[in-house]
Structure formats: structure tokens, C-alpha cells
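# Coordinate analysis (summary)
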Amino acid sequence: MAKWRCTLCDYIYDPEEGDPDAGVEPGTAFEDLPDDWVCPDCGAGVEDFEPVD
């Protein structure tokens, strides 16, 4: 699964880690994040993320 980077603050969403503080289980692909999920560092929406090469 690919990692995704927030274009506003450079936070990296790693699907292997998920986002436990937001209730996102490890192993959750970026495409499967809840619609209301936001960057835990700056609050940006999923539209502000890009895949990391």
C-alpha cells in the first residue's frame, strides 16, 4: 500500500500504521479512509494529499 503526503504540512499517512488517534486501524488504505478524515497535524482534507513515490 502506498504512503500519502499532505501537501500543506508534509505529514505522511502510512497505511501500515493507520491513524489510531482518529480510529483508523492499521492496514487501512488511503482510499478507504472515512470521508471526514483529516490530516492529524494540520487538519487538511484528503484532497490535499498526494501519493509518495
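Scroll up to find the structure.
Residues numbered from 1 in each chain as written. Predicted model: local features only at pLDDT ≥ 70, side-chain atom pairs only at ≥ 80, totals over all residues. Heavy atoms only, no water.

Counting its secondary structure elements, the protein chain contains 0 helices and 3 strands. Reading the protein chain from its N end, one meets helices and strands in the order β-β-β. For 53 residues, the compact-globule formula gives about 10 Å, and the C-alpha radius of gyration of the protein chain, at 10 Å, lands near that figure. Out of the 53 residues belonging to the protein chain, those deemed buried represent 34%. (Helix = DSSP H or I, 4+ residues; strand = E, 2+ residues; numbered from the N terminus. Rg over C-alpha atoms; globule rule 2.2 N^0.38 Å. Buried < 20%, exposed > 50% of the residue type's maximum accessible area, 1.4 Å probe, protein only.)

Below, the discussion takes up the side chain of aspartate 19. Examined against the element boundaries, aspartate 19 turns out to sit in the loop between β2 (12-13) and β3 (49-51). Although buried, aspartate 19 forms no salt bridge, and the nearest oppositely charged side chain, lysine 3, lies 15 Å from it. Among residues more than four places away in sequence, those in contact with aspartate 19 are Tyr13, Val24, Trp37 and Pro40. (Lys, Arg positive; Asp, Glu negative; His and termini not counted. Salt bridge = Lys/Arg side-chain N within 4 Å of Asp/Glu carboxyl O. Contact = heavy atoms within 4.5 Å.)

With that settled, consider the sheet that holds strand β1 (residues 4-6). Ordered by their spatial adjacency, 3 strands build an open sheet running β2-β1-β3, and the pairing between neighbours is antiparallel. Pairing within the sheet leaves two strands with one partner each, and these edge strands are β2 and β3. Sheet topology places β1 next to β2; 2 bridges connect them, and they run antiparallel. Considered in β2, the bridge of tryptophan 4 is made with tyrosine 13. (Pairing = 2+ DSSP bridges.)

Right, let's talk about the packing of aromatic side chains for a bit. Using the criterion set out here, one finds 6 aromatic pairs in the structure. Aromatic pair tyrosine 13 and tryptophan 37: ring centres 5.5 Å apart, planes at 65°, arrangement edge-to-face. Here the residue tyrosine 13 occupies a position in strand β2, and tryptophan 37 occupies one in the loop between β2 and β3, the gap between them amounting to 24 residues. You'll find tyrosine 13 and tryptophan 37 in the same group, each marked buried. With centroids separated by 6.3 Å and ring planes inclined at 85°, the aromatic side chains of phenylalanine 30 and tryptophan 37 adopt a geometry described as edge-to-face. Given the relative accessible area of 9%, phenylalanine 30 is considered buried. Among the aromatic residues, ring-to-ring pairing joins Trp4, Tyr13, Phe30, Trp37 and Phe49 into one connected group. (Phe/Tyr/Trp six-rings, centres within 6.5 Å; stacked < 30°, edge-to-face > 60°.)

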